[in-house]
Amino acid sequence: MTFLSELRRRNVIRMAGLYLVGAWLLIQIAETLLPIFHTPDWVLQALVVLLAIGLLPALVFSWLYELTPDGLKRDSKVDAAHSIAPQTARRMDQLTLAGVALLLTVIAADRYWPRDAAPVDRNATTAAARVGAASVGLARDKGLVAVLPFRNRSVREEDAFLAEGIHDDLLTQLSKVASLRVISRTSMLRYQDSAKSIPEIAGETGAAVVLEGAVQRSGNQVRINMQLIDGASDEHLWAETYDRELTADNLFAIQADIARVVTRALQVVLTPAEEAALVAGSTRNLEAYEAFLQGKLLAEYDSLTSERLQRALEQFGRAIALDPQFADAWARKARTQMAGYWYALGDPVAMREAAALTLAEARRLAPEASETWMAEAYYAYWVQRDYARAGALLARVLDRSPEHAEAWLARGFVARRDGRFEDALSALRHALKIDPINREGLIDLGATLARFGRFDEAQAFLDEAARAGADVRGPQLSLALERGNPEAAWAAVDGALLTTWLGYPHRAAMATRDPQRIALALSPSVWPKELHSPSGYPELHALAQAETLLLNGKRAEAEVALRAIQARLQALDTPYPGGWAANAHYWPCDLPGLLGDLEGVLAAERDYFENAPRDVFAAIDVRLALAVALARAG
């Protein structure tokens, strides 16, 4: 008797088939039920491992033992004339066939079950059809949706960005629905791996429903697990697992399907325009879409550095190279270039000119897209200082998406620069009502209140931003200086700050008049050497050193240092490329003031009043700098 024949006689091969079918069914059941109970990912992973390990013992057991009318017996002790192995084989075949039939039924149901009207595509499910009366008790008057950061279940850590990017893009999709208010990704990051319950998270954010999910990438396939939960009752309203080929079209279809589920749960009726916006993908090129997602994550304003800005521009450039018609990538690249100009994270002139060209391409490709309008609004605000046009463009965005938190934030920023401070406070507060823990909004509302001397209110918003995970050392330092408390300002210094706040530790140290603190503020531990000369402001650290010499009474040494700085600046084609920009690291009046050059300060003053763009908010800082320069010049 051959070994293969013996395997068949002892039903080992049948046992292998039955075990595999049963294990597969068990995994599918577990994958559906475990998330409902908030079971950690390792439970399902452990189950898969245990089932895989259990296959060998099952086969060995089948080889050694045989089922008889008298129970299990060792195969070697069963008389061949009384063996019922053939009958057992037939029962195992029947069980295996039943299991296979059940698997095929499940697969067919998932693929061919009738869908709701207006399906996204052949592969996309219309899970919204399964959310109905169970959601009647929700607090729909709020319409606020919290989407928890998606978990990355991929084996490769580098796939984590896909989960982050899909999460961010889903928020963009949901914001297209006028009746929904969606909490931003940065606000929800505080709940990454949080042990808090869904009702606790809903209570803190004010959300009516909470959406959570996980993304697993395997080669050219993707699995996205989603569930929607009532924020008040913790009731699971809907759950779905999407197994799809990893394509841009499929990702957009899944996002549109999830958006429909949320709107159904909140009893929101989609307009035809909103329905069309949900299913409209911005590119069909998956690699371009992935590069776009990486660029968006890198370009978030509240964590932007020179290095992150350059990496973001590279990713947007890659997306555009892969799909030159990708309008959203052009628009986001333009906004990132403008941020480089505004926050002085690159050559201001080069960034400004590049942004104009990039924006023109976005406008050509998609003149009516919200992303294009947002980019145009930022160009009017940051570059042209045309606050009326910026406001009009933001109004168009908000007409289409009334609860677009970022547009409300931008509206507040524009009104603030235009001197409409009550409008600014109102818009910033409205943005935070939609997105309660938006770090950028909390910091800027605090900064605005500080300008009116409402320091305690300002401090409360900075404290909230810190609890949300923002780096508030720079804003805390600035607030303390405005309050006239240099000791508190210095206490906020803790290592190097973001590029936006370069030089602020030196200001705090100078205000304390402490030589040791001043030396520390100029040292590499607080002011890294690579940031001594940021693009557009090559003399920033040198000016701080010269100012320190003056404070220490070393006027002759300071004079030499300042004349050298003056010579280097005069040799440049554009000595002050940032001009009188609000976020400039130094202004044209600073150097002549330190030199005691009254004529130079007066010339800078005339230039400011005759040529500087209107910026009521920045005027407070600029006029203070002019006053200091005039005082220094006698």
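Definitions and cut-offs
Residue positions within a chain follow its written sequence, with the count starting from 1. With pLDDT at 70 or above as the cut-off, local features in this predicted model cover only qualifying residues; side-chain atom pairs require 80 or more to be listed or tallied, and sums for whole chains, interfaces and linings still use all residues. Side-chain measures were taken over the full set of non-hydrogen atoms in the model, leaving aside hydrogen atoms and water. Here the aromatic set is Phe, Tyr and Trp, taking the six-membered ring for Trp, and pairing holds for ring centres within 6.5 Å; pairs whose planes are under 30 degrees apart are stacked, those over 60 apart are edge-to-face, and all others are tilted. Numbered from the N terminus, helices here are DSSP runs of H or I no shorter than four residues, and strands are runs of E no shorter than two. Classification of residues uses two cut-offs on accessible area relative to the type maximum, computed with a 1.4 Å probe and protein chains only: under 20% is buried, over 50% is exposed, and between them is partly exposed. The predictor attaches a confidence to each residue, and that confidence, scored 0 to 100, is pLDDT. The contact criterion used throughout is that any non-hydrogen atoms of two residues lie within 4.5 Å. When DSSP locates at least two bridges between a pair of strands, those strands are taken to pair. Note on geometry: axes are C-alpha line fits, over the in-contact stretch for helices, and angles between N-to-C directions span 0 to 180 degrees. Roughly parallel means an angle under 35 degrees; roughly antiparallel means over 145; roughly perpendicular covers 65 to 115; every other angle is labelled oblique. When residue character is reported, Ala, Val, Leu, Ile, Met, Phe, Trp, Tyr, Cys and Pro are called nonpolar, Asp, Glu, Lys and Arg charged, and the others, Gly included, polar.

A.B. asks: I'm lost on the packing of aromatic side chains in this one. Help?
C.D. replies: The description of two aromatic rings rests on the distance between their centres and on the angle between their planes. Under the criterion given, the structure shown has 16 aromatic pairs. Taking the centre distance of 5.0 Å and the plane angle of 50° together, the rings of Phe292 and Phe326 count as tilted. Linking Phe292 in helix 10 (residues 286-298) with Phe326 in the loop between helix 11 (306-322) and helix 12 (327-342), this pair joins segments that are 34 residues apart in sequence. Between Phe421 and Phe452, the ring centres sit 5.1 Å apart and the planes meet at 80°, which makes this aromatic pair edge-to-face. One end of the pair, Phe421, is in helix 17 (residues 421-434); the other, Phe452, is in the loop between helix 18 (439-451) and helix 19 (455-467), with 31 residues separating them in the sequence. Residue classification places Phe421 among the buried residues on the basis of a relative accessible area of 19%.

A.B. asks: Explain the confidence of the model for the protein here, please?
C.D. replies: Low-confidence regions, as indicated by low pLDDT, have predicted coordinates that should not be scrutinised in detail. Of the residues in the protein, 87% have a pLDDT of 70 or more, and the chain-wide mean is 84. The low-confidence segment residues 114-141, where pLDDT is below 50, has 63 contacts with residues more than four positions distant or belonging to other chains.

A.B. asks: Mind showing me how you'd approach the pairing of strand 7 (residues 221-230) here?
C.D. replies: Along a regular strand, successive side chains alternate from one face of the sheet to the other. Where burial is concerned, most of strand 7 is hidden: nine out of the 10 residues are buried. Alignment of strand 6 (residues 209-218) against strand 7, held across 10 bridges, turns out to be antiparallel. Following the sheet pairing, Val215 is matched in strand 7 by Ile224. Two successive antiparallel strands, strand 6 and strand 7, enclose a turn made up of two residues, where Gly219 displays a positive phi of approximately 65°.

A.B. asks: Even after reading the chapter, I still don't get the environment of Pro367, so can you show me in this structure?
C.D. replies: Secondary-structure assignment places Pro367 in the loop between helix 13 (348-365) and helix 14 (370-383). Put simply, Pro367 and Ala327 are 40 residues apart on the chain and 9.2 Å apart in space, counted from C-alpha to C-alpha. Apart from the residues lying within four places of it in its own chain, the contact partners of Pro367 are Ala362 and Trp373.

A.B. asks: Please clarify how the packing of helix 22 (residues 504-512) against helix 23 (residues 515-522) should be interpreted in this entry.
C.D. replies: Between two packed helices, the angle of one axis relative to the other and the distance separating the axes together describe the packing. Following both chains from N to C, one finds helix 22 and helix 23 inclined at 170°, their axes separated by 8 Å at the closest point. In terms of orientation, helix 22 lies roughly antiparallel with respect to helix 23. Counted together, Pro505, His506, Ala509, Met510 and Thr512 of helix 22 and Arg517, Ile518, Ala521 and Leu522 of helix 23 form the full contact between these two elements. For the contact of helix 22 with helix 23, the per-class residue count stands at six nonpolar, two polar and one charged.

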